[in-house]
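# Remarks on the overall topology
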Amino acid sequence: MKRKVIFIGGIHGVGKSTLCNKLVSELNIPHYSASDLIKRAEQGLFTKNKAVANVSKNQDVLLTALNEFVDEPCFLLDGHFALFDTNHKVRLVPEETFVSIEPAAMCVLTCDVKVVLERIAARDGIQHDKSAYEELSNSELEHAKSVAERLGVPLFFHDTNNDTLELTQFISSHLE
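Remember, it's a predicted structure, so these values are computed and weren't measured experimentally. (Residues numbered from 1 in each chain as written. Predicted model: local features only at pLDDT ≥ 70, side-chain atom pairs only at ≥ 80, totals over all residues. Heavy atoms only, no water.)

### Side note on helix α1 (residues 16–27)
Stated precisely, the cut-off is as follows: Here a helix means four or more residues in a row that DSSP labels H or I, a strand means two or more in a row labelled E, and each is numbered from the N terminus. Expected helix span is taken as 1.5 Å per residue step, with the number of steps being one fewer than the number of residues. Here's how the labels work: a residue is buried when its accessible area is under 20% of the maximum for its type, exposed when over 50%, partly exposed in between, all with a 1.4 Å probe on protein chains only. To be clear, the arc concerns the directions from the helix axis to the C-beta atoms. Contacts between residues were defined by any pair of non-hydrogen atoms, one from each residue, lying within 4.5 Å.
Spanning 12 residues, α1 covers 16 Å between terminal C-alpha atoms, matching the ideal 16 Å at 1.5 Å per step. Considered for burial, the residues of α1 that qualify are K16, L19, C20, L23 and L27. For α1, the angular spread of the buried residues around the axis is 95 degrees, confining them to a single face. Turned more than 90 degrees away from the buried face of α1, the exposed residues are T18, N21 and S25. Of the surrounding secondary structure, the elements contacted by the buried residues of α1 are β1 (4–9), β2 (31–33), β4 (74–79), β7 (103–110), β8 (155–159) and α7 (165–173). Within two residues after α1, N28 carries a phi angle of roughly 55 degrees, on the positive side.

### Remarks on unusual backbone geometry
If you check the backbone angles, N28 has positive phi at about 55 degrees while not being a glycine. Residue position: N28 is located in the loop between α1 and β2. Residue class for N28 comes out exposed when judged on its relative accessible area of 69%.

### As for the side chain of D78
Cut-off, in case you're wondering: In this tally Asp and Glu are treated as negative and Lys and Arg as positive; neither His nor the chain ends contributes. Within this document, salt bridges are pairs made up of a side-chain nitrogen of Lys or Arg and a carboxyl oxygen of Asp or Glu, the two lying within 4 Å of each other.
Here D78 lies in strand β4. With no salt bridge to any partner, buried D78 finds its closest opposite charge in K16, at an N-O distance of 5.1 Å. If we ignore the near neighbours within four places in the chain, the residues touching D78 are F7, I8, K16, S17, C20, H31, Y32, S33 and A34.

### Overview of the nonpolar core
Applied cut-off: To define a nonpolar core, start from buried Ala, Val, Leu, Ile, Met, Phe, Trp, Tyr and Cys residues and group those joined through side-chain atoms within 4.5 Å.
Y133, L167 and I171 are the most contacted members of the largest nonpolar core, which totals 29 residues. Where this core is concerned, the elements lending two or more residues are β1, α1, β5 (82–85), β7, α5 (113–124), α6 (130–151) and α7. Counting residues in each nonpolar core, the second largest holds 26 residues, with V61, L63, V93 and A148 among its members.

### Quick word on the pattern of salt bridges
Evaluation of the coordinates by the stated rule reveals six salt bridges. A salt bridge links D124 to R123, with the nearest nitrogen and oxygen atoms 3.1 Å apart. Its relative accessible area of 16% is what places D124 among the buried residues. Ionic pairing is found between E134 and K130, a salt bridge with its closest N-O pair at 3.7 Å. With E134 and K130 both in helix α6, this residue pair falls four residues apart, about one helical turn. Among the residues examined, E134 registers a relative accessible area of 32% and is labelled partly exposed.

### Brief notes about the pairing of β1
The condition that has to hold: Being paired, for any two strands, means DSSP has found at least two bridges between them.
Counted residue by residue, β1 has five buried out of six residues, so it is predominantly covered. Where β1 and β4 come together, six bridges link them in parallel fashion. Counterpart to I8 in the pairing with β4 is D78. Pairing between β1 and β7: five bridges, direction parallel. Within β7, the residue paired with I6 across the bridge is A105.

### Considering the packing of aromatic side chains
Rule in force here: Only centres within 6.5 Å qualify two rings of Phe, Tyr or Trp (six-membered ring in Trp) as a pair; their planes then separate them into stacked at under 30 degrees, edge-to-face at over 60, and tilted for everything else. Here, a charge over a ring is recorded when the distance from Lys NZ or Arg CZ to the ring centre is within 6 Å and its angle to the ring normal is within 35 degrees.
For the structure on display, the rule yields six aromatic pairs. By way of ring pairs, the aromatic residues F7, F81 and F98 are connected into one cluster. Between R40 and the ring centre of F69, over which it is positioned, the NZ or CZ distance is 4.0 Å.

### Some words on the packing of α1 against α7
Put simply, the rule is: In this analysis an axis means a line fitted to C-alpha atoms, helices contributing only their contacting stretch, and an angle means the value between N-to-C directions, from 0 to 180 degrees. Should an angle fall under 35 degrees it is called roughly parallel, over 145 degrees roughly antiparallel, and 65 to 115 degrees roughly perpendicular, with every other angle called oblique. Crossing handedness is read from the near helix: turned anticlockwise from the far helix by less than a right angle, it gives a left-handed crossing, and turned clockwise, a right-handed one. Under the scheme applied, nonpolar residues are Ala, Val, Leu, Ile, Met, Phe, Trp, Tyr, Cys and Pro; charged residues are Asp, Glu, Lys and Arg; polar residues are all the others, including Gly.
Here α1 crosses α7 at 60 degrees, and the two axes come no closer than 11 Å. With respect to α7, the axis of α1 lies oblique. Note that α1 runs across α7; the crossing there is right-handed. On α7, the residues that touch L19, L23, E26 and L27 of α1 are L167, T168, I171 and S172. Tallied by class, the residues present in the contact of α1 with α7 amount to five nonpolar, two polar and one charged.

Here it is, written out as structure tokens:
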């Protein structure tokens, strides 16, 4: 049986974990974080400043970790469509990663970048450049659209300040 993965993407601090934890209780399905799976596979993902040394290599580790650690037939997977490299340049997660994950549906989370930066500062104690995060957010959204179109996968945009009813319905409809 082919597993049904719902990919929940968004930039750092947008609220992926918070939203997925809420969805877990509403939908009664498990949630995995791409970064946690990569760490579990004993590979470093992020430095404290959220930079990734080798985006492609980390995605290969993620795919191995999914096959090694995840047995459930349906689950939420949160991750990214775009990341900062160690030079703080925006790098797109390779489309091949999503081809291999084979998501049944995808969602990209949005939120005002100012709010995101406040969350990151409160959580990590680090101030980030607003324009860099705006570029990251725009790249995340555009790449999500491109990946969804290439894969022929439904894509839902959700502002994390909004109610989750429509998102929950969207996800439920793609788990059946």
